[in-house]
Amino acid sequence: MTTKTITKAPFKADQVGSLLRPERIHKARKDFQEGTITAEELRAIETEEIKRIVDKQIEIGLKAVTDGEFRRRFWHTDFMEHLNGVEGYIPEQGYQFVGVETEKYNVRVVGKVSFNPNHPHLQDFIEFKEIVGDRAIAKMTIPSPNQFFYPGILNEEVYPDVEDFAKDLIQAYRDAIQAFYNAGCRYLQLDDVAIAGYCIPDIPEDERQKSIDLALRVANGVLEGKPDDLIVTTHLCRGNYQSAWAFEGPYDYIAPTFFAKEKVDGFFLEYDDERSGGFEPLKYIPKGGPKVVIGIFTSKSGKLEDKEVIKARIQEAAKYVPLEQLCISTQCGFASTHHGNKLTEEEQWAKLKYIIDIANEVWGTL
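All values reported here derive from a predicted model rather than from experimental measurement.

## Points about the overall build of the protein chain
Next up, step 1: Helix and strand counts for the protein chain come out as 11 helices and 12 strands.
Next up, step 2: In terms of C-alpha radius of gyration, the protein chain reaches 19 Å, essentially the compact-globule figure of 21 Å for 366 residues.
Next up, step 3: For the C-alpha atoms alone, the extent of the protein chain along its principal axes is close to 50 × 50 × 50 Å.
Next up, step 4: Relative to its full complement of 366 residues, the protein chain shows a buried share of 58%.
Next up, step 5: Counted over contacts in the protein chain with a minimum sequence separation of 6, partners at least 24 positions apart contribute 79%.
Next up, step 6: Surface exposure of the protein chain reaches about 15200 Å², of which carbon and sulfur atoms provide 51%.
Next up, step 7: Positive and negative side-chain charges of the protein chain, numbering 45 and 59 respectively, have mean locations separated by a distance of 4 Å.

## A word on the pattern of salt bridges
Next up, step 1: Applying the stated criterion across every chain, the model contains 28 salt bridges.
Next up, step 2: Across the pair Arg208 and Glu205 runs a salt bridge, and its minimum N-O distance is 3.3 Å. Remark: Glu205 and Arg208 occur in helix H8 (residues 205-223); sequence separation between them is 3 residues, near one turn of the helix.
Next up, step 3: Salt bridges sharing partners connect three or more residues here, namely Arg29, Arg43, Glu46, Arg71, Asp124 and Glu127.

## Examining the packing of aromatic side chains
Next up, step 1: One pass over the full model with this rule turns up 12 aromatic pairs.
Next up, step 2: In this structure an aromatic cluster arises from ring pairing among Tyr251, Phe259, Phe267, Tyr271 and Phe279.
Next up, step 3: Taking the ring centre of Tyr105 as reference, the NZ or CZ of Arg73 above it sits at 4.8 Å.

## Here's the deal with the pairing of strand S7 (residues 140-143)
Next up, step 1: Neither face of S7 is left uncovered, since the one carrying Met140 and Ile142 and the one carrying Thr141 and Pro143 both have all their residues buried.
Next up, step 2: Direction of pairing for S7 relative to strand S8 (residues 187-192): parallel, over a ladder of 4 bridges. Directly across from Pro143, in S8, lies its bridge partner Asp191.
Next up, step 3: In this region the chain leaves S7, passes through helix H6 (residues 162-182) and returns to the parallel neighbour S8; the handedness of that crossover is right-handed.

## Remarks on the packing of helix H3 (residues 39-60) against helix H5 (residues 120-132)
Next up, step 1: Where H3 contacts H5, the axes come no closer than 10 Å and their chain directions differ by 45 degrees. If you check the angle between H3 and H5, you find them oblique. The element H3 and its partner H5 pack so that their crossing is right-handed. Facing H3, whose interface residues are Arg43, Thr47, Ile50, Lys51 and Val54, H5 presents Gln123, Asp124, Glu127, Phe128, Ile131 and Val132.
Next up, step 2: Taken together, the residues of the contact of H3 with H5 break down into 5 nonpolar, 2 polar and 4 charged.

## Here's the deal with the sheet that holds strand S11 (residues 291-297)
Next up, step 1: Pairing within the open sheet is parallel, and its 6 strands lie in the order S7-S8-S9-S10-S11-S12. A single partner strand is all that each edge strand has here, and the edge strands are S7 and strand S12 (326-330). When the angles between neighbouring strand axes are averaged without regard to direction, this sheet yields 25 degrees.
Next up, step 2: Pairing geometry for strand S9 (residues 231-236) and strand S10 (residues 266-270), over 4 bridges, is parallel. Residue Leu236 lies in a different strand from S10, and its bridge partner there is Leu269.

## Notes on helix H11 (residues 345-363)
Next up, step 1: In a regular helix each residue adds 1.5 Å, so 19 residues correspond to 27 Å; H11 covers 27 Å between its end C-alpha atoms and thus fits that length.
Next up, step 2: Burial in H11 covers these residues: Gln348, Trp349, Lys351, Leu352, Tyr354, Ile355, Ile356, Ile358, Ala359 and Trp363.
Next up, step 3: Buried residues along H11 sit in contact with H3, S11, helix H10 (307-317) and S12.
Next up, step 4: Of the residues flanking the end of H11, it is Gly364, one or two places downstream, whose phi is positive at about 85 degrees.

## Description of unusual backbone geometry
Next up, step 1: Along the chain, Ala9 connects to Pro10 via a cis peptide bond; the corresponding omega equals -10 degrees.
Next up, step 2: Here Pro10 lies in the loop between helix H1 (3-7) and helix H2 (23-33).
Next up, step 3: Non-glycine residue Glu69 carries a positive phi angle of around 60 degrees.
Next up, step 4: Locating Glu69 in the fold gives a position in the loop between strand S1 (64-65) and helix H4 (77-80).
Next up, step 5: When its relative accessible area of 4% is taken as the criterion, Glu69 is described as buried.

## Focus on the nonpolar core
Next up, step 1: Counting residues in hydrophobic clusters, the biggest one holds 96 residues, and the most contacted among them are Ile254, Phe259, Leu282, Ile294 and Ile328.
Next up, step 2: For this core, the element with the highest residue contribution is H6, accounting for 11 residues.
Next up, step 3: Among all residues touching Ile294, those that are not within four sequence positions of it are Leu269, Tyr271, Phe279, Leu282, Ile314, Ala317, Leu326, Cys327, Ile328 and Ser329.
Next up, step 4: Listed in part, the 9 residues of the second largest apolar core include Phe11, Val16, Ala64 and Val293.

## Some details on the side chain of Asp67
Next up, step 1: Relative to the helices and strands, Asp67 resides in the loop between S1 and H4.
Next up, step 2: It is Arg72 that comes nearest to the buried, bridge-free Asp67 among opposite-charge side chains, at 5.2 Å.
Next up, step 3: Leaving out residues up to four positions away in the same chain, Asp67 has contacts with Ile50, Ile53 and Phe128.

What counts and what doesn't
Residues numbered from 1 in each chain as written. Predicted model: local features only at pLDDT ≥ 70, side-chain atom pairs only at ≥ 80, totals over all residues. Heavy atoms only, no water. Helix = DSSP H or I, 4+ residues; strand = E, 2+ residues; numbered from the N terminus. Rg over C-alpha atoms; globule rule 2.2 N^0.38 Å. Buried < 20%, exposed > 50% of the residue type's maximum accessible area, 1.4 Å probe, protein only. Contact = heavy atoms within 4.5 Å. Areas by Shrake-Rupley, 256 points an atom, 1.4 Å probe, with all protein chains shown as cover. Lys, Arg positive; Asp, Glu negative; His and termini not counted. Charge placed at Lys NZ, Arg CZ, Asp CG, Glu CD. Salt bridge = Lys/Arg side-chain N within 4 Å of Asp/Glu carboxyl O. Phe/Tyr/Trp six-rings, centres within 6.5 Å; stacked < 30°, edge-to-face > 60°. Lys NZ or Arg CZ within 6 Å of the ring centre and 35° of its normal. Pairing = 2+ DSSP bridges. Right-handed = clockwise from strand over helix to strand, strands pointing away. Axes fitted to C-alpha atoms, helices over the stretch in contact; angles between N-to-C directions. Parallel < 35°, antiparallel > 145°, perpendicular 65-115°, else oblique. Left-handed = near helix turned anticlockwise from the far one by under 90°. Nonpolar A, V, L, I, M, F, W, Y, C, P; charged D, E, K, R; others polar. Expected span 1.5 Å × (residues − 1). Core = buried A, V, L, I, M, F, W, Y, C linked by side-chain atoms within 4.5 Å.

Next comes the structure, spelled out in structure tokens:
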């Protein structure tokens, strides 16, 4: 029996990944920056807090648990800047979200890109998996390779031809996937704001399709030859920063290409409000193919959704994807960056437990 059969991931009630950083971690980070505690002391505090939230996730009934991304500042840059040929830096401005500009931090290509075998996330995962043990599935989240196509990251002096860049990215991510697999990872999620960005309505059609085709080629190139018992999912998001969002647009634009052809085991799709459009694009998901985790709960607020409305939405989605192929979660994590969304930790746990309870009512088993 393969691990794939055992895990059944994604699960009927699943989660995207990031969790609210407790005040203790915020304080420890500040103390470290001010030089009053060492890197080792900071790490020890992070480890204690990761142990606490792993126990909590298992206690409420989640089958797949994460480290909450507690050792990261941002969901993507921490991983990206530790690849060879990439550096982090402070730009003149952050990303513009609705009503807020993000903290100024980004990455850029400064040399040929390849995987760093000493990438810190590997050790982070090894320690995290040891904490989880055999009590649950240890889920790892990393940014999709397509995040590297975001404006301002590619260096045309290093890569005059985008195809050469794509080729190196694919190899870097193949090596990353194998390294995480060797470290014991069997459930990996690729977070992809770039693909969701192609849902914005006012992009010129030829430019959009060209970008989508390249993104699909890179995503599938990365997945080629992956171990059979490694579950890989894609999570699409329209921005999640202190409960604000960045853009809107339905999946109609990307579904015929991406939903139909990306060779993942599951899609985590944002569906917590009207910004994502309707469920009809789900008709492009192959029947019996990837599981579809519909993010019909919001991580941007602690208010619990109406149960009957949620159940009706699940049935609506089931018109396009068989019910047994569907799962539910929040549309995104609770803290894509260290700042976190505007809700309490208590509200976060209540929401996750609520999702599990509803999944049990709808499917009878996770």
